[in-house]
Amino acid sequence: MPKLKIGKYKESDSMSNLICQNYPALLVLSRFEMKLGFKDKSIGEVCHDNNVDTKTFLAIINLLLCDDVNHNCSNHSLFAPSLILYLHNSHDYFVNYRLPDIREKLKNALTQDLKDLNKAVLYYFDEYVSEVRKHMSYEEKTVFPYVRSLIEGRKKIRYNIGIFIKQHNQIEAKLTEFKNIMIKYYETESTNEIDNVLFDIFNCENDLALHNSVEDKLFVPAIMELELKKPDSAL
Amino acid sequence: MNLHLKIIVAESSVIIRTGIVSVLQQLNLNNAGISEIEDPERLRNLLNRQKYNILIINPVMLGFFSLQQIKKDSANNEMKCIALQNSLIDNAVLKNYDEVISLYDSVENVREKINNLITISESATNNESLTAREKEIIVCVIKGMTNKQIADELCLSTHTVVSHRRNIAAKLQIHSTSGLTIFAIVNKLVELDEIKNCQQR
C-alpha cells in the first residue's frame, strides 16, 4: 500500500507512487517521451534517465494535481526546451490521436436512422477539430520557432509572447458546447457506445483545459522571462 | 435551469477561503465552478478575462479599489457581489453589495442567500423557449446569411438582428452556427437540404 501523499510531489518521491495515486499523470509521462517500467526509482531519477528537466516535469504534475502554480519559488526559470517538447507532443496527441479516435467512436455510436442529424453532428465535430488544428498549428509554426530562436540567443523573429497572450483562446469551450448539445438534444437509446464517447469527451475536455493552463500558467511566464534576458545571454 | 454557475471567492486568508469553498461545495449547486483568489490585483486581472456569476469577497481586501470600479472594469454587470463579513464593516460599504454572508452563517443561511441571488438573475435573463421571430432568425443564420441579409429578409434593422442573436445564444447556450444547425434539425425548423454549409459536404 503506497503511502498517502500530502502536499506537492517532490523530486525524491517515487515515480510509481505518483502514477498509482494519480493515473492522469500517465499522459504527462508520454508527452515527455518517458518510458514506463521504472521500478522503485524516484521522480528525479526517472527524469534524469529520460533527459527531462525535473523541475518542469514537477511543475506540470503539480499543476495537474492541485491546479496551482507555485508563486514563491522562481518557478519561471523552467526549461523552455522541455516545455516545448511537452506541448508539441500534446498537440500531436490531440490532433492525431485523441480527436480522431473520438470521431470514430462518435460515428459508430450515432443512431442509424437519424441521417440528417448525424451529418450535422459530424459536421460540428469536424469543424471543431479543424479549429483545434489551426490553433495548434499556429503555435507550432509561429510561437515555437520564435521561442527556439530566443533560446538559441538569436532574437529577432519579429514576434513577442504578448501577441500570443492576446489571442490565446480556450479551445475546450466549443467541445463543451458540443457535449451539452449532444446531451440535451440528441435523442437516442442510452447505449454503451454513446456513454463511452461521452466519457471520452468529458476526459478530453479536461485534458484540453490542462493543456491550456500549462500554456498560460507555465509556458507564457517562462517565455516572458526569456524575453527579458538579453539576446546574447539567453540560455 | 442548470446554467453552469461560476463563483469566485476572494479572501486573503487561506483558512477562511477554504472554509467558504467547503461550505459552497456542501450546497450541491449543480456542479458550480468555484475559483479562489487571494489578492485584489490578481482578482482584477481574472475578472477581465473571465465572467463569473457570483463574486464572494471580503470588503476589507478590496483596499482602495471600489466595488463599482471592479464591476465596471470586468464589464460584467450581471455579476452578483456578496460581501464576506468577518469584522465590523460600515453599513455604507455593505449596501453596495447584493448580499452579505457572515462568518457565523449556517450552511442553510448561505444556501438561502445564494439561491435568492440565482433566482433573481435567472428570472431576469432566462426563458428557454424561443419566440417565432428567433426561430426564423436561426433558420437564416444556419443558411449562412449575414446579419445584413437577415435584416433585409425579415424587414428588421441589423441592430435588432444582432440583439435577437444574442438572446438566442443566451437561451440555448449555443454560440456556433453548426451548433444551431443541430438544434434546428432536432426541432424540425429546417430540412438538411435547405442548409448550405452541410450541403457542400
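Residues numbered from 1 in each chain as written. Chains lettered and ligands numbered in written order. Predicted model: local features only at pLDDT ≥ 70, side-chain atom pairs only at ≥ 80, totals over all residues.

S.K.: Please clarify how the overall build of chain B should be interpreted in this entry.
M.R.: Across its full length, chain B carries eleven helices and five strands. Scored against the burial criterion, the 201 residues of chain B give a buried share of 23%. (Helix = DSSP H or I, 4+ residues; strand = E, 2+ residues; numbered from the N terminus. Buried ≥ 20, exposed ≤ 12 C-beta atoms within 10 Å, placed from the backbone.)

S.K.: Explain the overall build of chain A here, please?
M.R.: Per the secondary structure count, chain A includes nine helices and zero strands. Secondary structure of chain A in N-to-C order comes out as α-α-α-α-α-α-α-α-α. The buried share of chain A, reckoned over its 235 residues, is 26%. Intrachain contacts of chain A at a sequence separation of at least 6 include 75% that bridge at least 24 residues. (Contact = placed C-beta atoms within 7 Å.)

S.K.: It is not clear to me how helix α4 (residues 54–66) of chain A should be interpreted in this structure. Could you clarify?
M.R.: Residue and element names in this part refer to chain A. With 13 residues, α4 ought to run about 18 Å at 1.5 Å a step, and its terminal C-alpha atoms sit 18 Å apart, in line with that. Among all positions in α4, only Thr56, Phe57, Leu58, Ala59, Ile60 and Ile61 are buried. Structurally, α4 contributes buried residues whose contacts are with α1 (15–21), α2 (25–31), α3 (43–49), α5 (80–109) and α9 (192–228). (Expected span 1.5 Å × (residues − 1).)

S.K.: What is the right way to read the interface of chain A and chain B from this model?
M.R.: It is common to give the size of an interface as the accessible area that goes away when the parts come together. The partner chain B presents 14 residues to the 13 residues of chain A that form the contact. Where the side of chain A that touches chain B is concerned, the elements lending two or more residues are α6 (115–151) and α8 (173–185) of chain A. Ranked by the residues each element gives to the side of chain A that touches chain B, the list is headed by α6 of chain A, at eight residues. For the side of chain A that touches chain B, the residue count by class is seven nonpolar, one polar and five charged. (Nonpolar A, V, L, I, M, F, W, Y, C, P; charged D, E, K, R; others polar.)

S.K.: Is there a simple way to explain the domain arrangement of chain A in this structure?
M.R.: All names here are of chain A. By the assigned domains, chain A splits into domain 1 (1–75) and domain 2 (80–233). The interface is formed by twelve residues belonging to domain 1 together with 13 residues belonging to domain 2. Mapped onto the side of domain 1 that touches domain 2, the elements with two or more residues apiece are α2 and α4. For the side of domain 1 that touches domain 2, the element with the highest residue contribution is α4, accounting for five residues. (Domains from an automatic or database assignment.)

S.K.: Just checking my understanding: could you explain the environment of Asp13 of chain A for this structure?
M.R.: All names here are of chain A. By secondary structure assignment, the location of Asp13 is in the segment before α1. Classification of Asp13 as partly exposed rests on a count of 18 C-beta atoms within 10 Å. Each C-alpha atom, one on Asp13 and one on Glu45, is 9.9 Å from the other, the two residues being 32 residues apart in sequence. Not counting the four nearest positions on each side in its chain, Asp13 is found in contact with Leu18, Ser42 and Ile43.

S.K.: Teacher, can you tell me more about the confidence of the model for chain A here?
M.R.: In regions of low pLDDT, the predicted coordinates are not meant to be interpreted in detail. Across chain A, pLDDT averages 86, with 89% of residues at or above 70. Long-range and interchain partners of residues 71–75 of chain A, a stretch whose pLDDT sits below 50, account for three contacts in this model, where long-range means more than four residues apart. (pLDDT = per-residue confidence, 0-100.)

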